Amino acid sequence: MSEPEILDARGGSSRERRHARVRLVKGHRWPTVVVLIAGFIAIALIAATVTAGWLVQRSFPQTDGTISLPGLDSDVDVLRDARGIPTVVADNAHDLFYAQGFVHAQDRFWEMDVRRHITSGRLSEMFGDSQVETDTFVRTLGWRDVAEAEIGQLNVDTLDALQAYADGVNAYLKSRSYSEVSLEYALLAVTAPDYEIEPWTPADSVSWLKAMAWDLRANLDEETDRALLLPTVRSRVADLYPPYPYEDHQTIVTSGSVEGGRFRPGVAGATRAASSALAPVLPELLAEATSGAERLDAWLGAYGPGVGSNSFAVTGDRSATGGALLANDPHLAPSLPGIWYQMNLQCRQVNAGCPYSVGGFTFSGVPGVIIGHNENIAWGFTNNGADVADLAYEALNGDRYVRNGKLIPLKTHTETIEVAGSEPVEITVRATEWGPLLSDVSDPHRRILDGTFSPADLPGTANEVALALQWTALTPGRTADAILALDRAADFDEFRTAAVWFEVPSQNLLYADVHGHIGYQMPGKIPVRRGGDGATPVAGWSASYGWDRYIPFGQLPWTFDPPEQYIVAANQAVIDESYPYLLTRDWGYGYRSQRLVDLIEASDPLTPASAAGLMSDTSNEFAPILIEELMRVDTLLLDSNTVRARDLLTDWDHRQDADSAGAAYYNAVWRHLLARVFGDELTGDRRPDGGDRWFEVLQVILNDGQAIWWDDVRTPDELELRDEVMAAAMADATAELTKQLGPDPAAWRWGDLHQLKLTNASFGSSGIAPLEALFNRGPYDTAGGEGIVNATGWNPAEGYGVDWVPSMRMVVDLSDLDASRWVQLTGQSGHVFDPHYTDQFEAWTNGDTYRWPFSPESTLEGATDMLLLESQ
């Protein structure tokens, strides 16, 4: 495999130098008068940009010179490289986080402000009545209340960092007009003329962690889907959720078990008895259970099979550098600006009063580095998919609910949603001991539940049914402590200590250090259930169900310097079924992870460049299996155009590069095959989304030409069999691509179908063409696909457009930290037309990475701008 080009942090490739994410709710359209006014403003802004650019550029950050600030104990240096990536250098921890807040606000305050309104259920204050349902959903879950409760549990160092960060943000806001903060505030004046920017608070920072927990919410959607499918396909729902292929796809921790109350890597355990994954109770109640969630997903990005990540670490024995390497690329919904902000945080002298020398990827609005490295260790995250959320049916009688044969008062309170341009809306939030009632979030839920049961079906005197959510993220925790503890950790023991506090979302934590060691820890609050397995909703009124406790941290899987000399964590099963606790039944199915295992085992010792290249691999590992069956279909069942199109697959290398004709046709066939096989029974949101679970589903039924799934239940007088269905899918694909891409199959290109549009998180879906042209970018031809290492996911039920992406890529070289590599999806700036709005996208889409200066000498050499924050 050829290595991608490595770009220098100062701009351009090293060779050239030698020779010379949340969107507006889907379907939202502003009122006509607002559209006209905003349209005129947008046109005026574009004209101003063309003629002078003064209005747009008013919010661009000052990146050199001196700014005098109150509240700093000493001066702080901010060095930015050619990509606008800052290195903050301070004498103490207070000033370091103060400056981080100031710099985040310079580049991303609008994003920060929108984020805190999302997580507090206050979007309606900015965007009007179109957001009331979103706010109602978030307030029903109570994210802001949980965040405020967490503040009281955090340690003193974390609280100090949160307050210093908030002070830095507020120092930036002080004495700046709204248009000087961000261009979007000039547009917001149309819908919310009375809107005022509030001071930043520590709870604003902590609450964003709840949004990320929702974005990585594990199997809640699968639990919902199974419940919806059971009335339709009944026992055959098991066909749609096949077991994990342990024999074919390697787990993260390859051996180990719990002995003496502790997890011990390398110890074999007895196989845990399997429990039913399909123990439904009244599944029909879940119809449309995700409607409120879908509105929220329009802001945070939809959860789907591609929301995961790749990560791997190798010891020095498998690297060309002689030191450990760690690579990571979290897969999230695309956004503009991208979800990450790159930054180095450096104490001039690392000591007890200033223990930070750390760099990596941050969240605007949150102090510290989320993913990255310090002077001693590196770490990465991937979603582990642990089942940390359950749905329960609740039997109600008025303001009480049934629990163990008794009626218990519901927990209720009212909240008022302020709405720009409209009257306030008052809502009542109800909850049981399980959690908030999702069925109270919106009218569709109430309509679904009305009349579903007669009183005789319910326990005791209950006469109403509701649906409650129990989720670990709704219990206050200490994840904010974990972030800063990871930033300070010096070895594997301190890394694991930090992981104790990383409660939500439950992630795979990958580790490497400067001594050549690698490791892994599964953290998180993982419930131990009294009954059921979390696969389907249970009867909340029964004492047989509920959470007894969490798996003790010391019994969660981990490993250190495994004999394979590498660790791959890419959303596959963490450990095999010998592990004594149930973690989930909804792992990713391991196609990406096994591809990485195979590539690492077959490769020469890895360099940082070749490690980065692995993350851009586009091989579709299911394609050979499906193509073998497609080629067996009798030519007599195909027309001449389809035969010619199928011939593309004969010599196709199974790589989904943007210019591949074979990839275009293969994926069109895949899309239409899923529709042909399952479209008669799986409709609406239950249609196959094309994730690697469907690779396993198809693999089973491909071996049975008369499997019931091949038959179309809509044609009761006909019995469809495998070959004719596959022939029809190939014909459908041929017709579609001929219409879209032309009659010559050789000219078809996967990138012409698989397009990524970078949509601004707020005004990019306004329905106002000038605004969308101002803030959005693309669409762009894109390589990769679903279930592929280069995970540019797409949903065959919706089309070929890219729905989730590697949101960043990094490779840390622990033998020489200055030789590390990084890139993110878009750029550092949230200001439209800023040079750093999308200046990393070309490198990202080409699989290239930039050098990552970290040492004082390297960051100084690469600096193009130097700003002094002067203490007053």
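Placed above this text is the structure.
Treat the numbers as computed from the prediction; the structure is a model and nothing was measured. (Residues numbered from 1 in each chain as written. Predicted model: local features only at pLDDT ≥ 70, side-chain atom pairs only at ≥ 80, totals over all residues. Heavy atoms only, no water.)

## A short note on the overall build of the protein chain
Phase 1: Of regular secondary structure, the protein chain possesses 27 helices and 32 strands.
Phase 2: When the accessible surface of the protein chain is split by element, carbon and sulfur atoms take 49% of a total near 30400 Å². (Helix = DSSP H or I, 4+ residues; strand = E, 2+ residues; numbered from the N terminus. Areas by Shrake-Rupley, 256 points an atom, 1.4 Å probe, with all protein chains shown as cover.)

## Looking at the state of the cysteines
Phase 1: Tallied over the full model, the rule gives one disulfide.
Phase 2: Paired through a disulfide, C347 and C354 show a sulfur-sulfur distance of 2.0 Å. Between C347 and C354 the sulfur-sulfur dihedral comes to about -85°; the bridge is accordingly left-handed. (Disulfide = S-S within 2.5 Å.)

## Looking at the side chain of D813
Phase 1: Within the secondary structure, D813 is located in strand 29 (residues 808-813).
Phase 2: Within the buried set, D813 has no salt-bridge partner at all; the shortest N-O distance to an opposite charge, 6.7 Å, is to R821.
Phase 3: Only 2.6 Å separates the side chain of D813 from the side chain of S815, close enough to count as a polar contact.
Phase 4: Sequence-distant contacts of D813, defined by excluding residues within four places in its chain, comprise T321, A324, L325, P608, A819 and S820. (Buried < 20%, exposed > 50% of the residue type's maximum accessible area, 1.4 Å probe, protein only. Lys, Arg positive; Asp, Glu negative; His and termini not counted. Salt bridge = Lys/Arg side-chain N within 4 Å of Asp/Glu carboxyl O. Polar contact = N/O pair within 3.5 Å; in protein donor to acceptor, adjacent residues only side chain to side chain. Contact = heavy atoms within 4.5 Å.)

## Describing the pattern of salt bridges
Between side chains of opposite charge, a pair can form as their charged atoms come close.
Phase 1: Applying the stated criterion to the full structure yields 39 salt bridges.
Phase 2: As a salt-bridge pair, R655 and D617 come within 3.4 Å of each other at their nearest N and O atoms. Taken together, the residues span a long stretch of sequence, with R655 in the loop between helix 20 (640-646) and helix 21 (661-678) and D617 in the loop between helix 18 (608-614) and helix 19 (623-632) at a distance of 38 residues.
Phase 3: The class of R655 is partly exposed, set by a relative accessible area of 25%.
Phase 4: The exposure class of D617 is buried, given its relative accessible area of 0%.
Phase 5: When the shortest N-O distance is used, the salt bridge between R632 and E629 registers 3.2 Å. Linking R632 with E629, this pair stays in helix 19, spanning three residues, or about one helical turn.

## Points about helix 17 (residues 591-602)
Phase 1: In this model, helix 17 (twelve residues) spans 16 Å end to end at C-alpha, consistent with the 16 Å of a helix rising 1.5 Å per residue.
Phase 2: Of all twelve residues making up helix 17, nine are buried, and the element is well covered by its neighbours.
Phase 3: In the core, the buried residues of helix 17 are packed alongside strand 7 (309-314), strand 8 (325-332), strand 25 (566-568), helix 18 and helix 22 (692-702). (Expected span 1.5 Å × (residues − 1).)

## Comments concerning the sheet that holds strand 9 (residues 341-347)
Phase 1: The mixed open sheet is built from eleven strands, whose spatial order is 2-32-3-4-9-10-11-12-19-20-24. The sheet is open, and its two edges are formed by strand 2 (65-69) and strand 24 (558-560), each paired on a single side. For this sheet the average axis-to-axis angle between neighbouring strands, irrespective of direction, equals 15°.
Phase 2: In the sheet, strand 11 (residues 371-374) pairs with strand 12 (residues 377-383) via two bridges, with the strands oriented antiparallel. Within the sheet, the bridge partner assigned to G372 lies in strand 12 and is W379.
Phase 3: Helix-sheet contacts for helix 15 (residues 479-488) involve strand 10 (357-362), strand 11 and strand 12, and the interaxial angle to strand 12 is about 145°. (Pairing = 2+ DSSP bridges. Axes fitted to C-alpha atoms, helices over the stretch in contact; angles between N-to-C directions.)

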